[in-house]
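Listed below, chain by chain, are the residues.
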Amino acid sequence: MQRFPLLTAVIIAALGALATGAAQAAGLERLYILNCGEGIAGDISRWSPGVNIGQSMPFVDNCYLLKHAQGWLLWDTGVPDAIAAMPDGQKPADPKATHWYRPKTLASQLEALGVKPADITFVAVSHTHEDHIGNVELFPLAMLLVQKAEYDWPGPNNTPRFRPEHPVTKLDGDKDVFGDGSVTILATPGHTPGHQSLLVKLPKTGALVLSGDAVHFQANWDNRRVPSNNVDQEQTKASMERIAGILAQEKATLWINHDKAQRDSLIA
Ligand SMILES: [Zn+2]
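Residues numbered from 1 in each chain as written. Predicted model: local features only at pLDDT ≥ 70, side-chain atom pairs only at ≥ 80, totals over all residues. Heavy atoms only, no water.

Enquirer: Help me out: how do you make sense of the state of the cysteines in this one?
Expert: In this structure the tally under the stated criterion is 1 disulfide. Here C36 engages in a disulfide with C63; their sulfurs sit 1.9 Å apart. Disulfide C36-C63: torsion about the S-S bond near -110 degrees, hence left-handed. Residue C36 is found in strand β1 (residues 28-41), and its partner C63 is found in strand β2 (residues 57-68); the two are separated by 27 residues along the sequence. (Disulfide = S-S within 2.5 Å. Helix = DSSP H or I, 4+ residues; strand = E, 2+ residues; numbered from the N terminus.)

Enquirer: Please clarify how the sheet that holds strand β12 (residues 253-255) should be interpreted in this entry.
Expert: The strands that make up a sheet are held in pairs by hydrogen bonds between backbone atoms, and each pair lies either parallel or antiparallel. Sheet architecture is open: 5 strands sit in the order β8-β9-β10-β11-β12, paired in mixed fashion. The open sheet terminates on both sides in strands that have one partner only, identified here as β8 (175-176) and β12. By the bridge criterion, 5 bridges tie strand β9 (residues 183-187) to strand β10 (residues 196-202) in an arrangement that is antiparallel. Pairing of T184 across the sheet is with L199, part of β10. (Pairing = 2+ DSSP bridges.)

Enquirer: Any chance you could explain the coordination of the zinc ion here in plain terms?
Expert: Six octahedral donors around a metal ideally subtend angles of 90 or 180 degrees, whereas four tetrahedral donors ideally subtend 109.5 degrees. Looking at the metal site, the zinc ion is ligated by H127 (NE2), H129 (ND1), H191 (NE2) and D213 (OD), spaced 2.1 to 2.3 Å from it. In this structure, the zinc ion is coordinated by 4 donor atoms arranged in irregular fashion, with angles at the metal of 86 to 178 degrees. (Donors = N, O, S within 2.8 Å, 3.2 Å for Na, K, Ca; no water. Tetrahedral: all angles 85-135°; square planar, octahedral: opposite > 155°, others 65-115°.)

Enquirer: Explain the side chain of S182 to me, please; I cannot follow it from the model alone.
Expert: Structurally, S182 is set in the loop between β8 and β9. The exposure class assigned to S182 is buried, which follows from its relative accessible area of 0%. A distance of 3.4 Å separates the side chain of S182 from the side chain of H68, its partner in a polar contact. A polar contact of 2.7 Å, which involves the side chain of S182, links it to the side chain of D180. (Buried < 20%, exposed > 50% of the residue type's maximum accessible area, 1.4 Å probe, protein only. Polar contact = N/O pair within 3.5 Å; in protein donor to acceptor, adjacent residues only side chain to side chain.)

Enquirer: Got a minute to help me understand the environment of R102 in this structure?
Expert: Mapped onto the fold, R102 is located in the loop between β4 (98-101) and α2 (106-112). You can call R102 buried: its relative accessible area is 4%. Those residues in contact with R102 that lie beyond four places of it in its chain are N35, C36, G37, T77, G78, V79, P80, D81, I83, A84, Q109 and N135. At 3.5 Å, the side chain of R102 forms a polar contact with the backbone oxygen of T77. Among the polar contacts listed, one links the side chain of R102 to the backbone oxygen of K104, at a separation of 2.8 Å. (Contact = heavy atoms within 4.5 Å.)

Enquirer: Would you explain the sheet that holds strand β6 (residues 143-147) in this entry?
Expert: Spatially, the 7 strands line up as an open sheet ordered β4-β1-β2-β3-β5-β6-β7, and their pairing is mixed. This sheet does not close on itself; its edge strands, each paired only once, are β4 and β7 (168-171). Strand-to-strand twist of the sheet, defined as the mean angle between neighbouring strand axes without regard to direction, takes the value 25 degrees. Pairing geometry for β2 and strand β3 (residues 71-75), over 5 bridges, is antiparallel. Bridging across to β3, L65 finds its partner in L74. (Axes fitted to C-alpha atoms, helices over the stretch in contact; angles between N-to-C directions.)

Interpretation note: all reported values are geometric properties and have no functional meaning in isolation.
So this is what it looks like as structure tokens:
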């Protein structure tokens, strides 16, 4: 006799969770994948120590524009738009790193969508490597969403990571950006001190996690490999396990920022 009320309660709880899930996704309308750079990684063993030494690989660099009822959020800003004017792209100082090209500027892609830089409410960046923050200052009015640990991380020659006058919300962990569960910043440190990823719940596509550089390409994800230049190896592994747990819990797909094969399949 007692099992039935319990079962009923579980079913009602599950239905409640479904209803909440549907309501949560309501504010988020669309996601656009923007081309924020294309490059050739000189030696991918830089990202997978001891594996594929000396092998080069094409990389992409994505930005993602989210349209929410409460405003626009841009996730990452790519390599600087100025690279689009360089016929030979931007060569890295270290030939093992990535030679970046910019087939299209970020500004022109926003213009094509009818979005003005001043329309962007939030700019959230996964971390402060140049291929992710190259165009932050196209949006001087947008609220930056960045982990405090990243913001305070001294840059080269002790320079600040962002212009001090840029509006900023310094985060200390996860953040439900619009308060409805549709867009959630996830603290995933390790690649850099305040690295973050983004959980997005789209009405049709479903749940996604935008990786940032928590992982760079599929083989590294499958084998949980940690790039040699990450600031903290153990944190990186813990963040990958955290993401794996969220993927399972939310039935979400991982979109790996720099993975060209995956990006090409998504665009197609
Ligand atoms: Zn990076």
